[in-house]
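A look at the structure
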There are 2 protein chains.
Amino acid sequence: MLQKRIDDHAPPTREAMREAEDIFYKHLKRVGLKHTDQRDAILHTFLETRDHLSTDELFRMVRKKDAKIGFTTVYRTLKLLAECGLASEVAFHDGVTRYEHQFNRRSHHHMVCTECNASVEFFSPEAGKLSEDIARKFRFEATRHTFQIYGICEDCRKMSRKPV
Amino acid sequence: MLQKRIDDHAPPTREAMREAEDIFYKHLKRVGLKHTDQRDAILHTFLETRDHLSTDELFRMVRKKDAKIGFTTVYRTLKLLAECGLASEVAFHDGVTRYEHQFNRRSHHHMVCTECNASVEFFSPEAGKLSEDIARKFRFEATRHTFQIYGICEDCRKMSRKPV
DNA sequence: CGTATAATTGAAAATGAATTTCAATTTCAT
DNA sequence: ATGAAATTGAAATTCATTTTCAATTATACG
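In short, a report on the structure.

Rules behind the numbers
Residues numbered from 1 in each chain as written. Chains lettered and ligands numbered in written order. Predicted model: local features only at pLDDT ≥ 70, side-chain atom pairs only at ≥ 80, totals over all residues. Helix = DSSP H or I, 4+ residues; strand = E, 2+ residues; numbered from the N terminus. Buried ≥ 20, exposed ≤ 12 C-beta atoms within 10 Å, placed from the backbone. Near = placed C-beta within 6 Å. Nonpolar A, V, L, I, M, F, W, Y, C, P; charged D, E, K, R; others polar. Contact = placed C-beta atoms within 7 Å. Pairing = 2+ DSSP bridges. Axes fitted to C-alpha atoms, helices over the stretch in contact; angles between N-to-C directions. Parallel < 35°, antiparallel > 145°, perpendicular 65-115°, else oblique. Left-handed = near helix turned anticlockwise from the far one by under 90°. Least-squares fit on C-alpha atoms with pLDDT ≥ 70 in both. Core = buried A, V, L, I, M, F, W, Y, C linked by C-beta atoms within 7 Å.

For the rest of this paragraph, the subject is unusual backbone geometry. All names here are of chain A. Notably, arginine 139 is not glycine yet its phi reads approximately 55°, a positive angle. Structurally, arginine 139 is set in the loop between helix 5 (125-137) and strand 6 (141-152). On the basis of neighbour counts, which here come to 11 C-beta atoms within 10 Å, the residue arginine 139 falls in the exposed class.

Here we take up the protein's contact with DNA strand C. Near DNA strand C there are 22 residues, and of these Thr97 of chain A together with Leu33, Thr36, Gly70 and Thr73 of chain B occur at the shortest range. When contributions to the surface near DNA strand C are tallied by element, the ones reaching two or more residues are helix 4 (71-83) of chain A together with helix 2 (37-48) and helix 4 (71-83) of chain B. Of the residues belonging to the surface near DNA strand C, the class tally is four nonpolar, 13 polar and five charged.

With that out of the way, let us pick up the interface of chain A and chain B. At the interface, 34 residues of chain A touch 35 residues of chain B. Here the side of chain A that touches chain B gets twelve residues from one element, more than from any other, and that element is strand 6 of chain A.

The subject of this paragraph is the protein's contact with DNA strand D. Around DNA strand D, 22 residues are found, and the nearest of them are Leu33, Thr36, Gly70 and Thr73 of chain A together with Thr97 of chain B. Partitioned by chemical class, the residues of the surface near DNA strand D number four nonpolar, 13 polar and five charged.

Before going further, it helps to spend a moment on the pairing of strand 3 (residues 97-101) of chain A. Residue and element names in this part refer to chain A. Taken across its five residues, strand 3 has four buried, putting it largely inside the fold. Bridge count between strand 2 (residues 87-91) and strand 3: five bridges; the pairing is antiparallel. Opposite alanine 87, over in strand 3, you have histidine 101 as the bridge partner. Between the antiparallel neighbours strand 2 and strand 3 lie five residues, among them glycine 95 with a positive phi of about 80°.

All names here are of chain A. It is at 10 Å that the axes of helix 2 (residues 37-48) and helix 4 come closest, and there the two elements cross at 70°. The angle between the axes of helix 2 and helix 4 places the two elements in the roughly perpendicular class. Along this stretch, helix 2 crosses helix 4, giving a crossing that reads as right-handed. For the pair helix 2 and helix 4, contact is made by Gln38, Arg39, Ile42, Leu43 and Phe46 and by Thr73, Val74, Thr77 and Leu81, respectively.

With that out of the way, let us pick up the relation of the copies chain A and chain B. With an RMSD of 1.4 Å, the operation that places chain A on chain B is a rotation of 179° combined with a shift of 0.2 Å along the axis. Taken together, these values place the two copies in the relation of a two-fold axis. Across chain A, the smallest distance between a C-alpha and the rotation axis is recorded for phenylalanine 147 of chain A, namely 2.1 Å. The overlap is high: 100% of the interface residues of chain A also sit at the interface in chain B, so the same surface is used on both sides.

Time to look at the nonpolar core. Nonpolar side chains in soluble globular proteins generally cluster together in the buried interior. Core analysis: the largest hydrophobic core is formed by 24 residues, its most contacted members being Met111, Ile134 and Ile149 of chain A together with Met111 and Ile134 of chain B. Elements that contribute at least two residues to this core include exactly strand 4 (109-113), helix 5 and strand 6 of chain A together with strand 4 (109-113), helix 5 (125-137) and strand 6 (141-152) of chain B.

To continue, consider the pairing of strand 5 (residues 119-122) of chain A. Residue and element names in this part refer to chain A. Looking at chain direction, strand 4 and strand 5 are connected through four bridges and run antiparallel. Note on strand 5: the bridge partner recorded for methionine 111 is valine 120. Here strand 4 folds back onto strand 5 in antiparallel fashion, the turn holding five residues, of which asparagine 117 has a positive phi close to 65°.

Residues and elements named next belong to chain A. The contact between helix 2 and helix 3 (residues 55-65) brings their axes to 10 Å, and the two run at 115°. The two elements helix 2 and helix 3 meet at a crossing, and its hand is right-handed. Together, Ala41, Ile42, Thr45 and Phe46 of helix 2 and Leu58, Met61, Val62 and Lys65 of helix 3 make up the contact between the two elements. Residues belonging to the contact of helix 2 with helix 3 are distributed by class as follows: six nonpolar, one polar and one charged.

Here is the structure:
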């Protein structure tokens, strides 16, 4: 049945960091791109995050480390990270693309509060099984699936009952 | 278990049309808005569609019937239709919000081929149950959920084996 | 019926995220 | 070291979405 959430958002070990770097720079090599300090800084900042970050949010974090790195570079680097599987785009329903890191993380799903945009991750092996069953039925080769539940969280429900 | 897809995309009967009108105009009354020819025309055009339409696509269809109706009105009317449950937003992965009509349609999900973009709808009561279970667990009040499976369809797999 | 009032309309402007441009700079294979 | 090719980042652009506002229209009420 439904599993309790396991926190695998622990900060990356030095080992994991190196492994991610390796994946990233092998990818760059493969597509003929170059190793730069900016890309390094952005990768590191990204891996240290926990949440679902918009390009702008990551940009602000990166800027704290190195004020000379521009928004555009963060934007482009996130695309690269998504290309090599270290990040994945998450589209909630508020018109902003967010990224989460995918490295060493189990497949998970999202529950999003439509009031405050808070999101909770949950794990549901059932969703995976369902996905396989359905893909088989329609003769698809399933690569991934998204399962998102939208609703109103407990806090926001309390809020609306007792307005400030 | 998994159900075979039932085609409930048949053009709306006169009866269904009236029922939808009823829902729409009761909603307008409830929130203190007015009955206008434009809203009527947009509702009718929308109900006759089958696919997932962007605001702009619906606008183009509406304009064929009445060239004086503006984009903004279509945009606003779609929001109203979504408010009263006759339409629902579908987030595609191309940055454009689309709407599908929800009236008299069972809750369904999408399987999308990432090669040819073909989409198949499927029905899975399990996904609904899963959604309820998980919402309860996190004390959310669930309003809706999306379950999308991405993969490669049979045709595209054949294609890639025998390229043209 | 008018008439008053409040909502509607739609063109145009504004917004805002995503993307592209381009000149200056940096990387890296040789 | 050198030069070709990629990178950078500020600024400009794109494009869907949303807001503004003055003119128009629907509806309730006298």
